[in-house]
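Next come the chains, spelled out residue by residue.
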Amino acid sequence: MRKGQNNKDLELKLMCKILFREMGYNTHYEIKLRTKSYIDQIKTHDISDIDVFGCTFFQDLTYHCLGSECKSGESNALDELYKFIGVVDYFGIDKGYFIKSKIHQNARQVSSKRKLSCYTEAELRKLLIGFGYDVDKQVKIENAIYHRLNQAIKSQETIYERLVNYVCYDFWNKENWRNVHNIIHLLSKNIQQKLFPENDLNKKIFFFYISELFSIATLKNLYMSTFESFSDIERSIKNQLYGGGESLSEKQKIYDIVNQATNQDLSFSPPWELDYIDMSSRFSNNTSSSSRIPHFFQELREESFYANKVQIKQKSLKKFDDVTRKFAQDMLHFLTKYTTIGKEIFQDIIDL
Amino acid sequence: MKQEKESIGIKIHDMHHGLIQRTGAIIETEFSLLKELGAAIQIATTIKDHEIISDLNPFYAAAGELKIQKNLAKEALQHLEALGFVRLRWNTGHREIIRIDITVPGLPKIYKDFGDFFVSENKSKMASKLVYLMEKLSLFPHKERDIRSQLHVPSQIYDCIFDIGKSASLLDSYTSPIDSESILYSPLYWDDNPAAIFDLLKKHKSIDLANALNEIKQYQGIPGDKVENNVLLDAIALNCFPTLSISSTTGLKKFVFTPRLGVGRVEKALLHKARVLLSCVRYGENFARISKIFSPEKLINALSGRGFLKAHSESLKQYESARNHGLVKLIPIGIDRYEVHFIDNDENKRVVSMALEMIAFGETSKYDNSHEVAKKILLPDNLKHPIQTRTLVLENEKVVRSTSTIKKVNDILRGIDA
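Calculation criteria
Residues numbered from 1 in each chain as written. Chains lettered and ligands numbered in written order. Predicted model: local features only at pLDDT ≥ 70, side-chain atom pairs only at ≥ 80, totals over all residues. Helix = DSSP H or I, 4+ residues; strand = E, 2+ residues; numbered from the N terminus. Rg over C-alpha atoms; globule rule 2.2 N^0.38 Å. Buried ≥ 20, exposed ≤ 12 C-beta atoms within 10 Å, placed from the backbone. Contact = placed C-beta atoms within 7 Å. pLDDT = per-residue confidence, 0-100. Nonpolar A, V, L, I, M, F, W, Y, C, P; charged D, E, K, R; others polar. Pairing = 2+ DSSP bridges. Domains from an automatic or database assignment. Core = buried A, V, L, I, M, F, W, Y, C linked by C-beta atoms within 7 Å. Right-handed = clockwise from strand over helix to strand, strands pointing away. Arc of directions from axis to C-beta. Axes fitted to C-alpha atoms, helices over the stretch in contact; angles between N-to-C directions. Parallel < 35°, antiparallel > 145°, perpendicular 65-115°, else oblique.

**Quick notes on the overall build of chain A**
And step 1. A tally of helices and strands in chain A yields 16 helices and 5 strands.
And step 2. Taking 2.2 N^0.38 as the reference for a compact globule, 352 residues should give roughly 20 Å; the C-alpha atoms of chain A span a radius of gyration of 21 Å, in line with that estimate.
And step 3. Taking the principal axes of the C-alpha coordinates as reference, chain A spans close to 70 × 50 × 45 Å.
And step 4. When burial is assessed residue by residue, chain A has 39% of its 352 residues classed as buried.
And step 5. Excluding contacts between residues fewer than 6 apart, the proportion of contacts in chain A whose partners are at least 24 apart in sequence is 67%.

**What about the overall build of chain B?**
And step 1. Of the regular secondary structure elements, chain B holds 20 helices and 12 strands.
And step 2. Evaluated residue by residue, chain B yields a buried proportion of 37% over its 418 residues.
And step 3. Considering only contacts within chain B whose residues lie at least 6 apart along the sequence, 67% involve residues at least 24 apart.

**Looking at the confidence of the model for chain A**
And step 1. Looking at chain A as a whole, its pLDDT mean stands at 85, while 92% of the residues score no less than 70.
And step 2. Here residues 1–5 of chain A scores under 50 on pLDDT; set against residues more than four positions off or in separate chains, the count is 8 contacts.

**Focus: the interface of chain B and chain A**
And step 1. Listed per partner, the contact involves 16 residues of chain B and 16 residues of chain A.
And step 2. If you list the elements that add at least two residues to the side of chain B that touches chain A, you get α14 (296–305) and α19 (386–396) of chain B.
And step 3. Looking at the side of chain B that touches chain A element by element, the count peaks at 5 residues for α19 of chain B.
And step 4. Grouping the amino acids of the side of chain B that touches chain A by side-chain chemistry returns 6 nonpolar, 5 polar and 5 charged.

**A look at the sheet that holds strand β4 (residues 142–143) of chain B**
Residues and elements named next belong to chain B.
And step 1. Sheet architecture is open: 3 strands sit in the order β4-β6-β5, paired in antiparallel fashion. Pairing within the sheet leaves two strands with one partner each, and these edge strands are β4 and β5 (172–175).
And step 2. Bridge count for β4 against strand β6 (residues 182–185) is 2 bridges, and the pairing is antiparallel. Along β6, the bridge assignment pairs His142 with Leu184.

**Here we look at the pairing of strand β8 (residues 243–248) of chain B**
Residue and element names in this part refer to chain B.
And step 1. Burial along β8 is one-sided: the residues Leu244, Ile246 and Ser248 are buried and none of Thr243, Ser245 and Ser247 is.
And step 2. For β8 and strand β9 (residues 251–256), the ladder comprises 6 bridges, and the chain directions are antiparallel. Within the sheet, the bridge partner assigned to Thr243 lies in β9 and is Val256.
And step 3. Here β8 hands over to β9 after 2 residues, the two strands then running antiparallel side by side.

**Details of the domain arrangement of chain B**
Residues and elements named next belong to chain B.
And step 1. Per the domain assignment, the segments making up chain B are domain 1 (5–188) and domain 2 (205–361).
And step 2. Of the residues lining the interface, 12 residues belong to domain 1; the matching set on domain 2 comes to 10 residues.
And step 3. At the level of secondary structure, the elements contributing two or more residues to the side of domain 1 that touches domain 2 comprise α1 (5–19), α7 (125–139) and β4.
And step 4. If one sorts the elements of the side of domain 1 that touches domain 2 by residue count, α1 sits on top with 3 residues.
And step 5. Partitioning the side of domain 1 that touches domain 2 into residue classes produces 6 nonpolar, 3 polar and 3 charged.

**What to know about unusual backbone geometry**
And step 1. With phi around 45°, Glu30 of chain A is a residue other than glycine that occupies positive phi space.
And step 2. Note that Glu30 of chain A resides in strand β1 (residues 26–37).
And step 3. Positioned with a positive phi, His152 of chain B is a non-glycine residue whose angle comes to about 55°.
And step 4. The class of His152 of chain B is exposed, set by 10 C-beta atoms lying within 10 Å.

**A few points about the domain arrangement of chain A**
Residues and elements named next belong to chain A.
And step 1. Domain boundaries in chain A define domain 1 (10–132) and domain 2 (157–350).
And step 2. Spacing between the C-alpha centres of domain 1 and domain 2 amounts to 27 Å.
And step 3. Tallying contributions element by element places β1 first for the side of domain 1 that touches domain 2, with 5 residues.
And step 4. For the side of domain 1 that touches domain 2, the residue count by class is 7 nonpolar, 3 polar and 3 charged.

**Some thoughts on the nonpolar core**
What tends to happen in soluble globular proteins is that the nonpolar side chains get buried as a cluster.
And step 1. In this structure, Met15, Cys16, Ile99, Ile183, Ala328 and Met331 of chain A are the most contacted members of the largest nonpolar core, which totals 85 residues.
And step 2. Lining this core are residues from two domains, each supplying at least three of them: domain 1 (10–132) and domain 2 (157–350) of chain A.
And step 3. With residues up to four places along the chain from it excluded, the contact list for Ala328 of chain A reads Ile293, Phe296, Phe297 and Ile349 of chain A.
And step 4. Counting residues in each nonpolar core, the second largest holds 55 residues, with Ala40, Phe114, Phe162 and Ala168 of chain B among its members.

**Remarks on the pairing of strand β5 (residues 117–120) of chain A**
Residues and elements named next belong to chain A.
And step 1. The sheet contact formed by strand β4 (residues 95–100) and β5 spans 4 bridges and is parallel. Looking at the pairing, Tyr97 lines up with Ser117 of β5.
And step 2. Regarding the hand of the β-α-β motif, the stretch spanning β4, helix α3 (residues 105–113) and β5 is right-handed.

**Side note on the sheet that holds strand β7 (residues 222–223) of chain B**
And step 1. Taken in spatial order, the 3 strands line up as β7-β9-β8 (chain B) in an open sheet, and their pairing is antiparallel. The open sheet is flanked by β7 and β8 of chain B, the only strands paired with a single partner.

**A word on the confidence of the model for chain B**
Residues and elements named next belong to chain B.
And step 1. Of the residues in chain B, 84% reach a pLDDT of 70 or more, and the chain-wide mean stands at 80.
And step 2. Ranking the elements of chain B by mean pLDDT puts α19 last, at 44, and helix α5 (residues 70–82) first, at 92.
And step 3. Within the model, pLDDT remains below 50 along residues 381–397, and this stretch shows 15 contacts once partners closer than five positions in the same chain are excluded.
And step 4. The ipTM, which scores confidence in the relative placement of chains, is 0.75 for this predicted complex, and the corresponding pTM is 0.74.

**Structural notes on α14 of chain B**
Residues and elements named next belong to chain B.
And step 1. Among all positions in α14, only Pro296, Ile300, Leu303 and Ser304 are buried. Down the axis, α14 shows its buried residues gathered within 90° of arc, on one side only.
And step 2. With its phi angle positive at about 105°, Gly307 sits one or two positions after the end of α14.

**Topic: the environment of Ser284 of chain A**
And step 1. By secondary structure assignment, the location of Ser284 of chain A is in helix α11 (residues 273–285).
And step 2. Residues Ser284 of chain A and Leu61 of chain A lie 223 residues apart in sequence; the distance between their C-alpha atoms is 8.6 Å.

**Points about the packing of α1 of chain B against helix α3 (residues 32–47) of chain B**
Two packed helices can be described by the angle between their axes and the distance between those axes.
All names here are of chain B.
And step 1. Direction vectors running N to C along α1 and α3 enclose 100°, while the axes themselves pass 8 Å from each other. Between α1 and α3, the angle falls in the class roughly perpendicular. Between α1 and α3, the contacting residues are Gly9, Ile12, His13, Met15, His16 and Leu19 on the first element and Leu34, Lys35, Leu37, Gly38, Ala39, Ile41 and Gln42 on the second.

Written as structure tokens, this is what we have:
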């Protein structure tokens, strides 16, 4: 998320988000790409960003992602396109969209070779009108949703600094299996307990967003597990939870050696592991419903928050089958059981 | 008198089959928790493959098939909710359940958590003594005076436990024709006179025999060569315990199991087949020359889940007994290697789950046919095996055939093969 700076490409991003959502993708804005440099001293550098990122899981849990570069200027289309091609390659995006107010023919020619789609603002508008949108009205709605999430994240920065940093930056740049461990860890260790906790809406939006990211990490893990072995899914979920069978075995060996050296008998697996495997294994039994969990969370986050209340509408719920609702609740029960987030944060969903 | 939590859970499940048939002052007071938990385990194992039950009528119908009345089913569901195995949604007024979200875990956790729950929540001395008694009698029939001395309860409480146990078909006794001793046994586990065991009890104390049996429970299908316990050696010599033989590359080997034979023709046959399957796997685990089996549980899961075991030169002899019992087919691959293919039917699936229970808990839960009937009632239209779901998804993805493919198909149909 871009913090407190003039965001002149915003309208294009919002339109692109509408398009991605129409295509059935779970959408996120301004994903920062980071790397570590070891020259002179260890430093983290932002390489670039993806203006709108869309990801989805198909019915058999196959993962597919889109990324777009949205530029409002009328010149330098080719240079910007070359940079975007690099970003698409670096981040492993399956399909890129280059959106700019004006795109020259040479840029279109290059993008067609790289299987990227190019849209000018007018073309994008025409496309959305074709889908039946009142574009200006929808852009206003998306604008409100965009600022609401930004505001929610910003408001939690002082309280949950590490968590906010993680979901804004590290989540998109780390290996996926680490995200599962890190989110649970950060939710367990960095929640400041107050005697009389305030459950303001910003906090709820923030934790709804974290649940959404956690569901993406879990399903990605499950997607890899189904590849590894569908007949022994529980074993492969465990393997993927540690970055693969070889990596797990290596970690266990090191752990045993440390245990021997310190004369301790500590368990390698965290206390939540068995329940996590059980939950993921249930998801794998009904892949078409579980694939919709991130969409479920996003729908509720974007459509249920008003100025001072949360109201989950039937219209939103009807877009999902009952098993998706149940799986999302399973995930929230899991998070509230093994972290220090209170159930009251998710009460609106748990009570469905 | 320390019992394993898992084992208590299994005993509660087994006792459910007797308790559910009975009612009365003592059963509804002293044994009410036992009855409710038994019903809860029975329901949990029936619904565990589902995600949501939103129409409660089929659920109560299935419970009815399991002889569980509607009110008892509701109480059982509340116990399941307390353990976090289901989430219940009630109507306004909290009178009727309108939806059940199911999160029932695997069998080991079900039995362990229920065992734990019973130990912490039970306030009835009679109920805990009955569970202990059933644990003893599931191993082998005991002399009544031994049991009385081990239970440490006044005779009026013992009489009460015995009466309830007998009325619920959990306990019974007969007078031994050899020494006129009163023998206590459980009709849940025994229906034939275990004469050989009493021959053994002439030489050894019942407590020693119980300890020896626990040794086998830890590793059902223990190879005869590895038995060092004197009681077990005598037991094998007197033919007290089911001992199965498998012959393969390293010669004839024997595998020893606990003596429970099961009740009724069906249960006996299933238990025997489960032991045959486990013996074949234990051979590969203990005596294989090439690529020993490291995890029998995973191997059996792969056999039943994936449907086959990869070709191996020792498979033909090692799994011959399983083939003779209609559990597997042996398919030749190459010159002397055989793939082991599981014969997938309801009976063999039950055999596999019994073999897995033997590995996990050292014993099997009571075979109950009404369980399968109840499961079928609950089967929703959209419940599919994971592999079926994936196949369906793939089938739904339309493949546009090119003209040349269509032409080729037409040619084949017309008989042109050039």
